[in-house]
Amino acid sequence: MNTDYTGLAEFHWLIEVMQTVDVGVLVLDLEYQITAWNGFMENNSGIDSADALGRSLFDVFDDLSVEWFKHKADTVIQLRNRAFTTWEQRAYVFKFRNNRPITGVTEYMYQNCTFIPVIGTTGKVQNLAVIVYDVTDIATSKLELKAANDRLAQLSRTDGLTQLYNRAYWEEMLSNEFKRQKRHAHDLSLIMFDIDHFKKVNDTYGHQVGDDVIRAVAEEVRHNSRNTDIAGRYGGEEFALLLIDSDAENALLFAERLRKAIENRRVSTPEGELQVTVSLGVAPWKESFHHYNAWIEAADKALYTSKDEGRNRSTLSK
Amino acid sequence: MSTDVLDEELRDCFQELSNVAVGRAADLLARLLNNFVIMPIPVVNLLERAELSMALSAIADASSVSAVCQGFTGSKIAGEALLIFNDASFQDMAELTQFKGEITEQIELELLMDIANILIGACLKGLAEQIDVSFSQGQPYLLGQHINIEELLNRNGSTWQRLLTIELPYKLEGREVNCDLLLLFTEDSLAILRNKMSYLLE
């Protein structure tokens, strides 16, 4: 009698602990019918265990992805091996509200889950236990940190005036492409160009207008290049462009299109509209470049030929 | 007996234990994917901090990998399992799991976690059962997707000096799937492991 009572008391407190523990405990049979549902599940779903027990999990949570859940569960049952899912895979398995509805930053609770095969007295898997952890705070901090880092990375590689890549980052990209090129060569061309008589613009109209001109040129670069092209501000009025999958002919065509677009562009100043031109040097990749500097030099040389021959033109490097 | 050396006898012991464990894990993976899994030969080592970085770089000659780690502990034995997945493997993995459609980063993560659950779970269970302990596994932690291998360890600020490492390179027959499972045990676990394995050492 006494042992019965002790056994019952022990059972009682075990259940009490399961009921109050601050993680979700959900047990299913092999037909996905709910056989256990603790306080955490009751409180967060708003469904009492009396209403949940015996029902199919997919009826209780009609927004649960049946296919995904069954794939996880079946693997666990068949292989008798635990499985873990993280909030990074799926923000939540069960759609519960954030447990800080007022000060929380997300609407829903982020969750990690553990799927555990429960071996019955017969030695076979008879149930599936799912433990649900609330990881909202960890998840939101990690997401916020990542957003901040992404923003910093973005800032550190962007030129403030033009929003093109800055020189350091552009060179890093060039260096990467150069290494890739040494392994598998593709058609790849480099264009260096600068704004003709830029000093005169600055001296005549002031730096404000000078900045407007640089911005306008950068805008034409953006309009005329493809997403895959790598465009940067190389120096004061000098720009650099790496054209992916472009041979000499295509790169020269591109250079001419850009040159004409800039020539046709008007920049408004207090003293009326201003027209600027650019001189370009085009250098397709060559096996003989041992360092990317040699490539820049080749494009620069072609750029100076354009300058010497009267500006507002494109020259292909020899 | 000194605990800070990995003598031949002990190394053989670990080798033997790992063989059994990886066999089980390979079997489960083969059943999940319906594809023959080439049984990896475990490499057992006692590595210094710097050596581990080198070992990791050697594993991934590919420049881009994704990695998951998961801590485990039990009977005063502690460590981490580290799964390093070559990003080039995702295409074949997706085909094997009959996944159709575009392979987004989200899908890659699902595939990565599926493999991690199976390999880590089965290997640890296999090891634990043989030395009569049971490990509790923490939540897996995504170290990163498409990261450079050297970035992995550089973030670690802890003070460990030496680790027992069991490296298990898994490959699938006829497929471009490459992943490495590393079981890393802390130095102070070594004495306990030696004790637990004494029945094999006799």
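Under an unreviewed UniProt entry, the name given to chain A is diguanylate cyclase, and the organism recorded is Reinekea blandensis MED297. Chain A has a UniProt comment under Cofactor (unreviewed entry) that states "Mg(2+)". Check the Catalytic activity (unreviewed entry) section of the UniProt entry for chain A; it says "2 GTP = 3',3'-c-di-GMP + 2 diphosphate".

Student: Help me understand the domain arrangement of chain A in this model?
Tutor: By a widespread convention, an interface's size corresponds to the accessible area lost as its parts come together. For chain A, the domain assignment lists domain 1 (2-142) and domain 2 (160-316). Taken over C-alpha atoms, the centre of domain 1 of chain A sits 59 Å from the centre of domain 2 of chain A.

Student: Sorry if this is basic, but what is going on with the UniProt feature "domain: GGDEF" (unreviewed entry) in chain A here?
Tutor: In the numbering adopted here, UniProt assigns the feature "domain: GGDEF" (unreviewed entry) to residues 186-318 of chain A. As a span, residues 186-318 of chain A carries 45% helix and 28% strand, and end to end its C-alpha atoms are 19 Å apart.

Student: Looking at this structure, I do not really get the UniProt feature "domain: PAS" (unreviewed entry) in chain A. What am I missing?
Tutor: When the UniProt feature table is mapped onto this chain, "domain: PAS" (unreviewed entry) is found at residues 10-80 of chain A. Structurally, residues 10-80 of chain A is divided into 56% helix and 14% strand, and its ends, taken at the C-alpha atoms, are 29 Å apart.

Student: Looking at this structure, I do not really get the sheet that holds strand β1 (residues 24-29) of chain A. What am I missing?
Tutor: Across a sheet, paired strands are connected by hydrogen bonds in the backbone, their directions being either parallel or antiparallel. Residue and element names in this part refer to chain A. One open sheet holds the five strands; their spatial order is β2-β1-β5-β4-β3, and the pairing between them is antiparallel. Edge strands, defined here as strands with exactly one partner in the open sheet, are β2 (34-37) and β3 (83-85). Averaged over all adjacent pairs, the angle separating strand axes in this sheet is 20°, with direction ignored. Here strand β4 (residues 111-119) runs beside strand β5 (residues 125-134); their pairing, made up of nine bridges, is antiparallel. Counterpart to Phe115 in the pairing with β5 is Val130.

Calculation criteria
- Residues numbered from 1 in each chain as written.
- Chains lettered and ligands numbered in written order.
- Predicted model: local features only at pLDDT ≥ 70, side-chain atom pairs only at ≥ 80, totals over all residues.
- UniProt positions renumbered as here; feature names shortened; annotations may be inferred.
- Domains from an automatic or database assignment.
- Helix = DSSP H or I, 4+ residues; strand = E, 2+ residues; numbered from the N terminus.
- Pairing = 2+ DSSP bridges.
- Axes fitted to C-alpha atoms, helices over the stretch in contact; angles between N-to-C directions.

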